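# A structural walkthrough
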Amino acid sequence: MSATRSSLLIQLQGDAAEHAWGEFLKIYQPLITRAVRGAGVRPQDLDDAVQEVLVQLLRVLPTFSYQRKKGFFRHWLRHVTTNKAIDFHRRRIGALKVSDQLESVSSPESDDQWMREFRLGLLQTAMASLESQFRRNTWKCFVLHALENQSAEATARAVGVSVNAVYINTSRIVSRLREFCEFHGESLCEEVSAFDKEYRECEMARPV
């Protein structure tokens with residue numbers, strides 16, 4: 001992914017908006033659905049409520065003022081999604097019944113959960129998007145070592161490569177995942193980023 005490529009959010013304002021909207025839905029619709037459900041919308045109303053949120057986003061995203069500040073878009077998306085879901089909920093069941101749920105929706109615990117789900121969803125989308133771009137053994141090194149926590153030695157034996165290749169392959173994929181996530185205004189989860197540190201330490205320890 002080119003570092004000079006325009007942000008997905010900026011693409012939503014240009015000629016490539018239709019393609020960008022499809023990419024946006026692939027990444028964020030599952031998260032939006034969970035947020036709408038968390039706002040108290042009844043299961044039978046969930047699809048309608050999500051569609052209302054998406055229509056609202058389609059209306060406002062072309063004029064969204066994109067900022068590269070970490071977490072800016074994440075907070076903005078939650079604000080729009082939650083407010084629209086609550087409006088929908090009020091119309092369906094009445095304002096008095098909705099009021100009991102507002103406190104839990106805006107609590108620090110729900111903020112933390114939103115952040116975790118946002119990053120996890122972004123990371124899962126990144127992996128699904130990038131897997132086909134790597135050779136099978138390269139990706140298998142990443143899965144076994146980074147995701148399944150197998151040692152570099154055990155991974156090397158399982159894949160049939162050197163220990164150094166395990167570190168290199170894992171680091172290559174982590175770098176691409178980081179690039180994908182930063183492209184969308186987020187940093188990689190600390191657990192995954194740790195493998196870059198491990199690789200650098202391994203490189204420093206190697207004989208020249």
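Residues numbered from 1 in each chain as written. Predicted model: local features only at pLDDT ≥ 70, side-chain atom pairs only at ≥ 80, totals over all residues. Heavy atoms only, no water.

### With respect to the packing of helix 8 (residues 152-159) against helix 9 (residues 163-183)
Quick note on the threshold: Between the N-to-C directions of two axes lies an angle of 0 to 180 degrees, each axis being a line fitted to C-alpha atoms and, for a helix, fitted only over the stretch in contact. Helix and strand definitions here come from DSSP, where helices need a minimum of 4 consecutive H or I residues and strands a minimum of 2 consecutive E residues; each element is numbered from the N-terminal end. Oblique is the label for any angle not covered by the other classes, which are roughly parallel (under 35 degrees), roughly antiparallel (over 145) and roughly perpendicular (65 to 115). In what follows, residue pairs with any heavy atoms lying within 4.5 Å of each other are defined as contacts. When residues are grouped by polarity, Ala, Val, Leu, Ile, Met, Phe, Trp, Tyr, Cys and Pro land in nonpolar, Asp, Glu, Lys and Arg in charged, and all others, Gly among them, in polar.
Between helix 8 and helix 9, whose axes approach to 8 Å, the crossing angle comes to 100°. Between helix 8 and helix 9, the interaxial angle falls into the category roughly perpendicular. Each of Ala152, Glu153, Thr155 and Ala156 in helix 8 lies in contact with helix 9, whose residues at this interface are Val163, Val166 and Tyr167. Residues of the contact of helix 8 with helix 9, tallied by class, amount to five nonpolar, one polar and one charged.

### Let's talk about the packing of aromatic side chains
The cut-off we apply is this: Stacked, tilted and edge-to-face pairs are distinguished by plane angle, under 30 degrees for stacked and over 60 for edge-to-face with tilted covering the rest, among Phe, Tyr and Trp rings (Trp via its six-membered ring) whose centres lie within 6.5 Å. Residue exposure (1.4 Å probe, protein chains only): buried if accessible area is under 20% of the type maximum, exposed if over 50%, otherwise partly exposed.
Taken as a whole and assessed by the stated rule, the structure comprises four aromatic pairs. Taken together, a centroid distance of 6.2 Å and an interplanar angle of 35° make the contact between Phe134 and Trp139 tilted. The class of Phe134 is buried, set by a relative accessible area of 11%. Trp139 sits in the buried class, given a relative accessible area of 8%.

### Describing unusual backbone geometry
Phi is positive for Asn149, which is not a glycine, with a value near 60°. The residue Asn149 is located in the loop between helix 7 (136-147) and helix 8 in this model. Note on Asn149: relative accessible area 62%, which makes it exposed.

### Some details on helix 3 (residues 46-60)
For the record, the criterion: An expected span of 1.5 Å times one less than the residue number is assigned to each helix. The directions considered for the arc are those from the helix axis to the C-beta atoms.
End to end, helix 3 covers 21 Å across 15 residues, agreeing with the expected 21 Å (1.5 Å per residue, within 8%). Along helix 3, the residues classified as buried are Leu46, Ala49, Val50, Val53, Leu54 and Leu57. The buried residues of helix 3 occupy an angular sector of 135° when the element is viewed end-on, so they sit on one face. More than 90 degrees from the buried face of helix 3, the exposed residues found are Asp47 and Arg59.

### Examining the environment of Lys84
Structurally, Lys84 can be placed in helix 4 (residues 72-93). Sequence-wise, Lys84 and Ala39 are 45 residues apart; in three dimensions their C-alpha atoms are separated by 9.6 Å. Filtering out sequence-adjacent residues up to four positions away, Lys84 remains in contact with Glu52, Val53 and Gln56.

### Section: the nonpolar core
Nonpolar side chains tend toward joint burial in soluble globular proteins. Note the cut-off: Nine residue types can take part in a nonpolar core, namely buried Ala, Val, Leu, Ile, Met, Phe, Trp, Tyr and Cys, and a core is a set of them joined through side-chain atoms within 4.5 Å.
Of all hydrophobic cores here, the largest spans 40 residues; its most connected members are Phe24, Tyr28, Ile32, Val36, Leu57 and Leu77. Counting only elements with at least two residues in this core, the list comes to helix 2 (17-38), helix 3, helix 4, helix 6 (108-130), helix 7 and helix 9. In terms of residue count, helix 2 provides more of this core than any other element does, eight residues in total. Counting seven residues, the second largest nonpolar core, distinct from the first, contains Cys141, Ala156, Val159 and Val166.

### Overview of the pattern of salt bridges
How we decide: The salt bridge criterion pairs a side-chain nitrogen of Lys or Arg with a carboxyl oxygen of Asp or Glu, the two atoms within 4 Å.
In total, this model carries one salt bridge according to the counting rule given. Where Arg42 meets Asp45, a salt bridge forms, and the shortest distance between an N and an O atom there is 2.8 Å. By relative accessible area, which is 32% here, Arg42 ends up partly exposed.

### A short note on the side chain of Asn169
Looking at the element boundaries, Asn169 is found in helix 9. Overall, the relative accessible area of 11% leaves Asn169 in the buried class. Leave out the neighbours within four places in its chain, and Asn169 touches Asn137, Thr138 and Cys141.

### Considering helix 8
Regarding helix 8, the residues found buried are Ala152, Thr155, Ala156 and Val159. The buried residues of helix 8 occupy an angular sector of 100° when the element is viewed end-on, so they sit on one face. In this structure, the buried side of helix 8 is in contact with helix 7 and helix 9. Of the residues flanking the end of helix 8, it is Gly160, one or two places downstream, whose phi is positive at about 85°.

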